[in-house]
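Residues per chain, in single letters:
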Amino acid sequence: MSLDAPLGHIGFTLNGAEVTVPAAATARLSEVLRDQAGARDVKVGCNAGDCGACTVLLDGAPVCACITAAGQAQGRVIETQAGLVARDADARRLAQAFQRHQAAQCGICTPGMMVSAVALLRERAPLDEAAVADALGGVLCRCTGYRKIIAAVLDASDAPLLTEGWVGASIARLDGWPKVAGTERFGDDVAPGDALVVKAIRAPHHRAAFTFGDLEAYRRQTGLDLILTAADIPGRNAFGVIPGFEDQPVLAETETRFRLEAVAAVVGRAEIVANLPPFPVSYTELPAALIPSEAGAVADLHPGREGNVMCRGHVSRGDAVAALAQSAHVVEGHFSTGFIEHGYIEPEAASARRIGDRIEVSCCTQAPYMNRDGLAGILGLAPEAVRILPTAVGGGFGSKLDLTAQPFVALAAWRLGRPVRMAYSRVESIATSTKRHPSETYMQIGCDAAGRITAARFEGTFNTGAYASWGPTVANRVPIHASGPYLTPSYQADSAAIHTHTAPSGAFRGFGVPQSAVAQEQLYDLLAERVGMDRLAFRRLNCLRNGDPTVTGQVFDTGMGIDACLDALAPHWDRALAEAAAFNATSTRVRRGVGIASGWYGCGNTSMSNPSTIRAGITAAGEICLHQGAVDIGQGSNTVILQIFAEALGVPVSAITRIGADTDLTPDAGKTSASRQTFVTGNAARLCGAALRAQILRLGNVSDAAVIHVTPGALELSEGGATRRITLEPGAGPYALEASETYDPPTTPLDARGQGAPYAVFGTAAQMAELEVDLDLGTVRLRHITAAHDVGRAINPLSAEGQIEGGVAQGLGLALMEEFLPGRTENLHDYLIPTMGDVPPVRSILIESGDAHGPYGAKGLGEHCLIPTAPAILNAIAHATGVRIHHLPATPDRVRAALLTAGKTPA
């Protein structure tokens, strides 16, 4: 078809409607669709064709809109996710399947996945997993591990959804339909159309002194509305996440400490900001330390942190040195991991507006109240003068706990009194956001002649980057966890977090525990070989059981379920070993291996108060409202917490209206991190539901066996064939009945030797990897992962499976391909994350051991899914080849080099 368009305009058919918009022919089609045509379901994750989130159908063919010129759309037909689901039967069935399989977690990649899948479904060709992976392989996902997406495409049908159920039911995600229908709104989607744009001016060096030219002349020359420097910050030019470690400036003052740190910010109309001449700033490059071994040779980055040591961690029990000297077998090794990028598909974004003497910020965040308090300090305001309105979050994994774009938009909107927006480019996101801490570890482990662990020593050095972020948490958590979930009578673990001139290292799914697991689990394999034991049997012999003390002296009477996880793997282990042996008997170039690893993780803060509060009420009209402030970043808390509350109150989930995170409307449910929301906020929801139920039952003078029915303006209580009606009267506030409850896990501080009760709940896991190694090429092909996880109680089993699969995919990346190199891998083309073709089938085995503290016995799960994956893969490589990879990632060149050194390549 042909649509005539005036000069400077583009005409096309968008989701069935003829559209003409002002646009340059060379503009990105993604920008034209979002900004001129209002198609905010088209997501922008990279602007380079790497992530596929912007995929649309152009005359029926999938294209990346970010690398398609708008002029190419002239007179053509464009279909996006929202239009397809509204108008196309295939897309509607696909959306139902995505809901049925919980294939949309955070939802940011879902538009690209679904649009690509619709094109495949329209071909009407027979479908199998390979066909789906080929059609959708250009779209990246960081949450799901892809397996649920493949299953949904293969099962695109009108099969019914499970929409009702309490604890234990795999109901569809209660917030899922907007994600699969294309109506969900993320950080940059909610910015007002008339908002000014903020752009940060960033230093190109790892470390530099800088001076400005005439900024006011530059502002007048360019037509900018505002230029911000450190001198314009009304409060404190510092933020952070750990009290006492708020050390990162919004804008550097005289010296930058990592590449692309911001020195200024410009604010103006989009077209002006996009076409600015060079900014008047000059830099003097200074000596920089990029790795901990160099940190002692440069000036201290922060006062009071001598030698650039930010902090240390320590746990000791017994005399590890003496016990190792007396052990029958001792193994040791040095290991290292690099920077790992979070790689969420949604770059950081925020918008802000000033309303009187208050500032409102909409942003993608994992920690609304932490954001609120941090911005209040920067702006010099009371916390109550700052409102945080979290949007949907397109992946977080820890990095969206920290402030990023929020201070820039808040400062600009406060100064100008106009709406302001900011969205990071992919380069900005990768270069400046927090990373998983690079680690250098040394470990010794000993056992007796029978294979029982006698002692372990651990030393870990972690590159915490230029600023603290979550470095203190990592330094203190790792020594507690470095033994793994094994009984270790004598133990000593020391850690140090070291400042360097790199982007800050922060929280990333595991807080340092995956790095220590890489060391401990490989050494346990070596010990098993020394003793002559099966590797699974060795772990089963030594694993912690209820009643055993951990390395901090903590004893659990219930909930230590690692033995059950290992037992669940046993039949799969025996089968996989037999299959690998049979294959290897006839293959010389390609070898199969099987690896196993265990993991554990303490849910919530370490030895610190960690409360969540939930509020609920019933209006006079009979509406039940749950004020749920826990941010769902794809892990499913919006559904799981409602299931827990509904169970405690005794009403269907469909009877509850969720009021999502908003610091004006929802109490503080704490940050979404450390696998705490199901456990901590879930407990607050359980207590709140029970308290509200108790009020209702008292009003009706009935027993706890009564059934509650909500009707317009009244509650009906049924018991023993009789029904009592309670008329709801308006109260002093918005609710006729109301309850609010807080839960804070019982923990104790650690003493000088690291002894105490740091966590109320530990989650445990064991995973088995099956793979093939090409001895000529050094390539590794994963065949299968079997993952047994003690979840205590599966509130929503399908959601738990999705968490495991997503964690496995991230663990795969840590093991085999991911490493951020400052200045070199600052995009999703050079920084590789697993694609649909990289993640093998994953078998999830949910162990429900119950827990004394968890809501209905449930534990957290998010971090645990990742921890055993990389060491299981490394152990499988060693089983296949006889060589061990000590320094990650195990890329083909490193595997090949290790094979050559060991003489393991085919003749």
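Keep in mind it's a predicted model, so treat the numbers as computed, not measured.

Enquirer: Help me understand the packing of aromatic side chains, please; the structure alone is not making it clear to me.
Expert: For the structure on display, the rule yields 13 aromatic pairs. The interplanar angle of 85 degrees and the centroid separation of 5.3 Å between the aromatic rings of Y759 and F762 together place this pair among those described as edge-to-face. Both residues of the pair, Y759 and F762, belong to the buried class. A network of ring pairs unites the aromatic residues F210, F212, Y218 and F279 as a single cluster.

Enquirer: Mind showing me how you'd approach unusual backbone geometry here?
Expert: Both trends apply: most residues other than glycine have a negative phi, and most peptide bonds are in trans. That bond from L888 to P889 is cis: its omega, 0 degrees, falls within 30 degrees of zero. Mapping P889 onto the fold places it in the loop between α21 (869–881) and α22 (892–902). A positive phi is found at R124, a non-glycine position, where the angle reads about 55 degrees. Structurally, R124 can be placed in the loop between α4 (110–122) and α5 (129–136). Residue classification places R124 among the exposed residues on the basis of a relative accessible area of 59%. Of note, the phi angle at Y146 is positive, near 75 degrees, even though the residue is not glycine. Residue position: Y146 is located in the loop between α5 and α6 (147–154).

Enquirer: What exactly am I supposed to notice about the state of the cysteines here?
Expert: Put plainly, a disulfide is one covalent bond tying together the sulfur atoms of two cysteines. What the rule picks out here adds up to zero disulfides. Just so you know, C363 is unpaired, no disulfide at all, and the nearest cysteine sulfur is the one on C364, 6.6 Å from it. Looking at C363, the relative accessible area reads 0%, which means it is buried. Its sulfur unpaired, C688 is 12 Å from the next cysteine sulfur, which belongs to C625.

Enquirer: Honestly, the nonpolar core in this entry has me stumped. Any pointers?
Expert: Among soluble globular proteins, nonpolar side chains are generally buried collectively. In terms of nonpolar packing, the biggest core is built from 153 residues, with F98, M113, I445 and I873 touching the most fellow members. When near neighbours in sequence (up to four residues on either side) are disregarded, F98 contacts A103, A104, T110, M113, M114, I149, A152, V153 and V180.

Enquirer: Honestly, the pairing of strand β2 (residues 17–22) in this entry has me stumped. Any pointers?
Expert: On any regular strand, side chains alternate: one points to one face of the sheet, the next to the other face. Where strand β1 (residues 9–14) meets β2, six bridges bridge the pair, whose relative direction is antiparallel. Directly across from F12, in β2, lies its bridge partner V19. Counting the residues between successive antiparallel strands, the hairpin from β1 to β2 contains two residues, one of them, N15, with a positive phi of roughly 50 degrees.

Enquirer: Quick question: what am I supposed to make of the sheet that holds strand β7 (residues 208–212) here?
Expert: Strands in a sheet are paired, the pairing made by backbone hydrogen bonds, and the direction either parallel or antiparallel. As summarised here, the arrangement of the three strands in space is β9-β7-β11, forming an open sheet in which the pairing is antiparallel. Of all strands in the sheet, those with a lone pairing partner are β9 (255–256) and β11 (281–285), marking the two edges. Two elements, β7 and β9, share two bridges in a ladder whose sense is antiparallel. Residue A209 lies in a different strand from β9, and its bridge partner there is E255.

Enquirer: Hey, could you run me through the packing of α4 against α5 in this one?
Expert: For any two helices packed against each other, the geometry comes down to the angle between their axes and how far apart the axes lie. Their axes nearest at 9 Å, the elements α4 and α5 cross at an angle of 125 degrees. In terms of their interaxial angle, α4 and α5 are classed as oblique. In this structure, the crossing between α4 and α5 has a hand that is right-handed. Across the interface between the two elements, M113, S116, A117 and L120 of α4 pack against A131, V132, A135 and L136 of α5. Split by residue class, the contact of α4 with α5 holds seven nonpolar, one polar and no charged.

Enquirer: How should the pattern of salt bridges be read in this particular structure?
Expert: Oppositely charged side chains are able to pair whenever their charged atoms sit close together. Taken as a whole and assessed by the stated rule, the structure comprises 52 salt bridges. The salt bridge partner of R76 is D59, with a shortest N-O separation of 2.9 Å. Remark: D59 occurs in the loop between β3 (55–58) and β4 (61–64) and R76 occurs in the loop between β4 and β5 (77–79); sequence separation between them is 17 residues. In this structure R76 comes out as partly exposed when scored by relative accessible area, which is 29%. On the basis of relative accessibility, which here comes to 45%, the residue D59 falls in the partly exposed class. When the shortest N-O distance is used, the salt bridge between R415 and D232 registers 3.4 Å. One end of the pair, R415, is in helix α12 (residues 406–416); the other, D232, is in the loop between β8 (226–228) and β9, with 183 residues separating them in the sequence. Here D232 falls in the partly exposed class, since its relative accessible area comes to 25%. By sharing partners, the salt bridges in this structure join R575, E579, R592, E770, E772, R781 and R783 into a single network.

Enquirer: Sorry if this is basic, but what is going on with α12 here?
Expert: Within an α-helix, residues lying three or four positions from one another point in the same direction, as the helix has 3.6 residues per turn. Across the eleven residues of α12, nine count as buried, placing the element largely inside the fold. G417, located one to two residues past α12, shows a positive phi value of around 70 degrees.

Enquirer: I keep staring at the environment of R824 and nothing clicks. Help me out?
Expert: Tracing the backbone through its elements, the reader meets R824 in the loop between α20 (797–816) and β31 (842–847). Expressed as a C-alpha distance, the spacing of R824 and D662, which sit 162 residues apart in the sequence, is 38 Å.

Enquirer: Which parts of the structure should I look at to understand the sheet that holds strand β24 (residues 656–659)?
Expert: Strand order in the open sheet formed by four strands is β24-β23-β22-β28, and the pairing between neighbours is mixed. Two strands bound the open sheet, and with one partner strand each, they are β24 and β28 (737–743). In this sheet, neighbouring strand axes are inclined to one another by 20 degrees on average, regardless of whether the strands run parallel or antiparallel. Across four bridges, the pairing between strand β22 (residues 612–618) and strand β23 (residues 624–627) is antiparallel. In the sheet register, G617 faces β23, and the bridge partner there is C625. In this fold helix α18 (residues 637–649) packs onto β22, β23 and β24, with an angle of close to 135 degrees to the strand it touches most, β24. Sheet strands in contact with helix α19 (residues 677–700) are β22 and β28, and its direction is about 145 degrees off that of β28.

Enquirer: Help me understand the environment of V139, please; the structure alone is not making it clear to me.
Expert: With respect to the helices and strands, V139 occurs in the loop between α5 and α6. Owing to a relative accessible area of 2%, V139 belongs among the buried residues under this scheme. Sequence separation of V139 and C51 is 88 residues, and the distance between their C-alpha atoms is 5.3 Å. Setting aside residues up to four positions removed in sequence, V139 forms contacts with C51, G52, T55, C109, G112, M113, S116 and Y146.

What counts and how
For every chain, the first residue of the written sequence is number 1, and numbering continues from 1 onward in sequence order. Given that this is a predicted model, residues contribute local features only at a pLDDT of at least 70 and side-chain atom pairs are listed and counted only at 80 or more, while totals for whole chains, interfaces and linings are drawn from all residues. Only hydrogens and water are set aside; all other atoms, that is, all heavy atoms of the structure, feed into the side-chain values. The pairing test for Phe, Tyr and Trp rings, Trp by its six-membered ring, is centres within 6.5 Å, and the orientation test on the planes gives stacked under 30 degrees, edge-to-face over 60, and tilted for anything in between. For each residue, the accessible area found with a 1.4 Å probe, counting protein chains only, is set against the maximum for its type, and the residue is called buried under 20%, exposed over 50%, and partly exposed in between. Elements are defined by DSSP. Helices are runs of H or I of four residues or more, strands are runs of E of two residues or more, and each kind is numbered from the N terminus. Criterion for a disulfide: a pair of cysteine sulfur atoms at a distance within 2.5 Å. Residue types Ala, Val, Leu, Ile, Met, Phe, Trp, Tyr and Cys, when buried and joined through side-chain atoms within 4.5 Å, form a set referred to as a nonpolar core. Contacts were defined at the residue level, with two residues in contact if any of their heavy atoms lie within 4.5 Å. Here, a strand pair is defined by DSSP locating no fewer than two bridges between the strands. Where helices are involved, their axes are fitted lines through C-alpha atoms of the stretch in contact, as for all axes, and angles between N-to-C directions lie from 0 to 180°. Here the word oblique covers every angle except those under 35 degrees (roughly parallel), over 145 (roughly antiparallel) and from 65 to 115 (roughly perpendicular). Handedness of a helix crossing follows the sense of rotation of the near helix relative to the far helix, less than a right angle counterclockwise being left-handed and clockwise being right-handed. Residues were grouped as follows: Ala, Val, Leu, Ile, Met, Phe, Trp, Tyr, Cys and Pro as nonpolar; Asp, Glu, Lys and Arg as charged; and all remaining residues, including Gly, as polar. Salt bridges, as used here, are contacts in which a Lys or Arg side-chain nitrogen is within 4 Å of a carboxyl oxygen on Asp or Glu.

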